[in-house]
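Residues per chain, in single letters:
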Amino acid sequence: MPGIDECLIEVMRLPGARGAAVVDWTSGLALGTIGESPNGDHEATAAETAEVARMAAEQPVFAPAGASAGPPVPAVEDVIVTTAPGYHILRFVETAFDSSVFLHLWLDRAEGNLALARMRLGEIAERLVLA
């Protein structure tokens, strides 16, 4: 099973991939990065995308029916933000422990395929091993 670096390399093989990161959405820290960053700073991008992920993950409207109170477990699979030049896909990673990690893919709009990228990112997230 691949670790962070192997998963990021695989993500960058997607058509139109500009950059990617594995981010802890509670702290905003990048656990790994590859490629370009939309604002030129991977750490700032990680912190900014973590805010979006946290807002989506912690909203009761997205909680599964009958969910109990306690630490937030993202019912959200992914968040997609569309901009004129590209897409940002935030894919939550499920783990055996209390996970707060997501994969962030920055995808070029002209060269990328959003549907394919979303499917492949889901497959990669399922295989990601966090040690």
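Keep in mind it's a predicted model, so treat the numbers as computed, not measured.

Draft legend 1. How the structure looks around the pattern of salt bridges. Applying the stated criterion to the full structure yields ten salt bridges. Across the pair Asp78 and Arg118 runs a salt bridge, and its minimum N-O distance is 2.8 Å. Here Asp78 is found in strand S3 (residues 78-82), whereas its partner Arg118 is found in helix H3 (residues 114-127), with 40 residues between them in sequence. Across the pair Glu123 and Arg120 runs a salt bridge whose closest N-O atoms are separated by 2.3 Å. Here Glu123 pairs with Arg120, and both are found in helix H3, just three residues apart, close to one helical turn. Here Glu123 falls in the partly exposed class, since its relative accessible area comes to 35%. Assessed through its relative accessible area of 24%, Arg120 is described here as partly exposed.

Draft legend 2. Spatial organisation of the side chain of Asp108. By secondary structure assignment, the location of Asp108 is in strand S5 (residues 101-108). Engagement of the side chain of Asp108 in a polar contact is seen with the backbone nitrogen of Ala110, the distance being 3.0 Å. Those residues in contact with Asp108 that lie beyond four places of it in its chain are Gly16, Arg18, Pro85 and Gly86.

Calculation notes
- Residues numbered from 1 in each chain as written.
- Predicted model: local features only at pLDDT ≥ 70, side-chain atom pairs only at ≥ 80, totals over all residues.
- Heavy atoms only, no water.
- Salt bridge = Lys/Arg side-chain N within 4 Å of Asp/Glu carboxyl O.
- Helix = DSSP H or I, 4+ residues; strand = E, 2+ residues; numbered from the N terminus.
- Buried < 20%, exposed > 50% of the residue type's maximum accessible area, 1.4 Å probe, protein only.
- Polar contact = N/O pair within 3.5 Å; in protein donor to acceptor, adjacent residues only side chain to side chain.
- Contact = heavy atoms within 4.5 Å.

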